[in-house]
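# Structural overview for review
Chain by chain, the residues run as shown.
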Amino acid sequence: MGDSFYEQLIEDSAFLRADRRLDTELVDKLILQLNRIYPQILTDKEATKFRNLDVPTSVRLGELLTHLQGKGEEACREFYRALHLHVEEVYYSLPTRLRLRDPLDPLIHPSVYQQKYVLNDRDPFFFLGCFGIAVGMALLYYYSEDKLTGGSRALGMAALGLKKKAQEVLIWYTEESLMK
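On a predicted model such as this, the values are computed, not experimentally measured, just so you know.

This part covers the packing of aromatic side chains. In this structure the tally under the stated criterion is five aromatic pairs. Taking 5.3 Å as the distance between ring centres and 75° as the angle between the ring planes, the aromatic pair formed by Tyr91 and Tyr92 counts as edge-to-face. Ring centres of Phe126 and Phe127 lie 5.5 Å apart, and the angle between their planes is 80°; this geometry places the pair in the edge-to-face category. Three or more aromatic residues joined by ring pairs form one cluster here, namely Phe5, Phe79, Tyr80, Tyr91 and Tyr92. One cation-aromatic arrangement involves Arg97 over Tyr80; the distance from NZ or CZ to the ring centre is 5.2 Å.

Laid out in structure tokens, this is it:
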């Protein structure tokens, strides 16, 4: 990691005091975590002092951070562990965590990239062009059939699966084009 947890906590203290995501409830969770799991770091009397609701949360957090820095490296490490456990989004946005992230870190950017499932990398205008060509060919075929065969029998065959009104219209159109 490079820096000790003590040095990281000194650097992160200003950020933690200013961060609005650390509300009263989350600060109390951190204090209780340190008190219950590590009573040698935060005794019951100290935990009660830091959980006093008459004192603003940012002041209590600042006093807690100063107290932990006075306790040493182990206390700072356990604070980071509790922060990671209870408030992960704050933990990962700490200035020291952001600085430690390396773009070439193999854990963040694995060397084997997952295959991206792309059906086609063409833009929408390509598909509009293809659709336009298909419609143009269909219209050309439709209107040229009228001249070659004397009528559109395809419309009469298409009418077989339709409802009665649509079927009547298509058959009428087919019969009218045959009479011409």
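Within the largest apolar cluster, 28 residues are counted, with the highest numbers of intra-cluster contacts made by Leu9, Leu16, Leu22, Leu64, Leu68, Phe79 and Leu83. Elements represented by at least two residues in this core include exactly α1 (5-18), α2 (24-37), α3 (44-50), α4 (57-71), α5 (73-86) and α6 (88-92). Ranked by residue count, the leading element in this core is α5, at six residues. Apart from the residues within four sequence positions on either side, Leu83 is in contact with Leu16, Leu22, Leu30, Glu88, Tyr91 and Leu94.

Taken N-terminus to C-terminus, the directions of α2 and α5 make an angle of 130°; their axes are 10 Å apart at the nearest point. As judged from the angle between their axes, α2 and α5 are oblique. Along this stretch, α2 crosses α5, giving a crossing that reads as right-handed. Of α5, the residues touching α2 (which contributes Leu26, Lys29, Leu30, Gln33 and Leu34) are Glu78, Phe79, Ala82, Leu83, Leu85 and His86. Of the residues contributing to the contact of α2 with α5, the split by class is seven nonpolar, two polar and two charged.

Further remarks concern the pattern of salt bridges. Under the definition given, this model contains seven salt bridges. Notably, a salt bridge pairs Glu74 with Arg77, separated by 2.3 Å at the nearest N-O pair. Of this pair, Glu74 and Arg77 both sit in helix α5, three residues apart, which is roughly one turn of that helix. A relative accessible area of 27% places Arg77 in the partly exposed class. Its salt-bridge partner being Arg77, residue Glu78 comes within 3.7 Å of it at the nearest N-O pair. Given a relative accessible area of 2%, Glu78 falls into the buried group. Put simply, Glu74, Arg77, Glu78 and Arg81 are held in one network by salt bridges that share partners.

Let us look at α5. For α5, spanning 14 residues, the distance from its first C-alpha to its last is 20 Å, which sits close to the expected 20 Å at 1.5 Å a residue. Every buried residue of α5 is accounted for by Ala75, Cys76, Glu78, Phe79, Tyr80, Ala82 and Leu83.

Relative orientation of the contacting elements α1 and α4 amounts to 175°, with a least axis distance of 10 Å. With respect to α4, the element α1 is oriented roughly antiparallel. Contact residues: α1 offers Tyr6, Leu9, Ile10, Ser13, Leu16 and Arg17, while α4 offers Ser58, Leu61, Gly62, Leu65, Thr66, Leu68 and Gln69. Taken together, the residues of the contact of α1 with α4 sort by class into seven nonpolar, five polar and one charged.

A separate point is the confidence of the model for the protein. Taken as a whole, the protein shows an average pLDDT of 76; of its residues, 67% reach a score of 70 or greater. Overall, residues 106-113 carries pLDDT values under 50, and its contacts beyond four positions in sequence, including any with other chains, amount to four contacts.

The next point concerns α4. Between its first and last C-alpha, α4 extends 21 Å over 15 residues, near the 21 Å set by a 1.5 Å rise per residue. Residues Thr57, Arg60, Leu61, Gly62, Leu64, Leu65, His67, Leu68 and Gln69 constitute the buried set of α4. The inward-facing, buried residues of α4 abut α1, α2, α3 and α5. One or two residues past the end of α4 sits Gly72, with phi positive at roughly 110°.

How each quantity is defined
Residues numbered from 1 in each chain as written. Predicted model: local features only at pLDDT ≥ 70, side-chain atom pairs only at ≥ 80, totals over all residues. Heavy atoms only, no water. Phe/Tyr/Trp six-rings, centres within 6.5 Å; stacked < 30°, edge-to-face > 60°. Lys NZ or Arg CZ within 6 Å of the ring centre and 35° of its normal. Core = buried A, V, L, I, M, F, W, Y, C linked by side-chain atoms within 4.5 Å. Buried < 20%, exposed > 50% of the residue type's maximum accessible area, 1.4 Å probe, protein only. Helix = DSSP H or I, 4+ residues; strand = E, 2+ residues; numbered from the N terminus. Contact = heavy atoms within 4.5 Å. Axes fitted to C-alpha atoms, helices over the stretch in contact; angles between N-to-C directions. Parallel < 35°, antiparallel > 145°, perpendicular 65-115°, else oblique. Left-handed = near helix turned anticlockwise from the far one by under 90°. Nonpolar A, V, L, I, M, F, W, Y, C, P; charged D, E, K, R; others polar. Salt bridge = Lys/Arg side-chain N within 4 Å of Asp/Glu carboxyl O. Expected span 1.5 Å × (residues − 1). pLDDT = per-residue confidence, 0-100.

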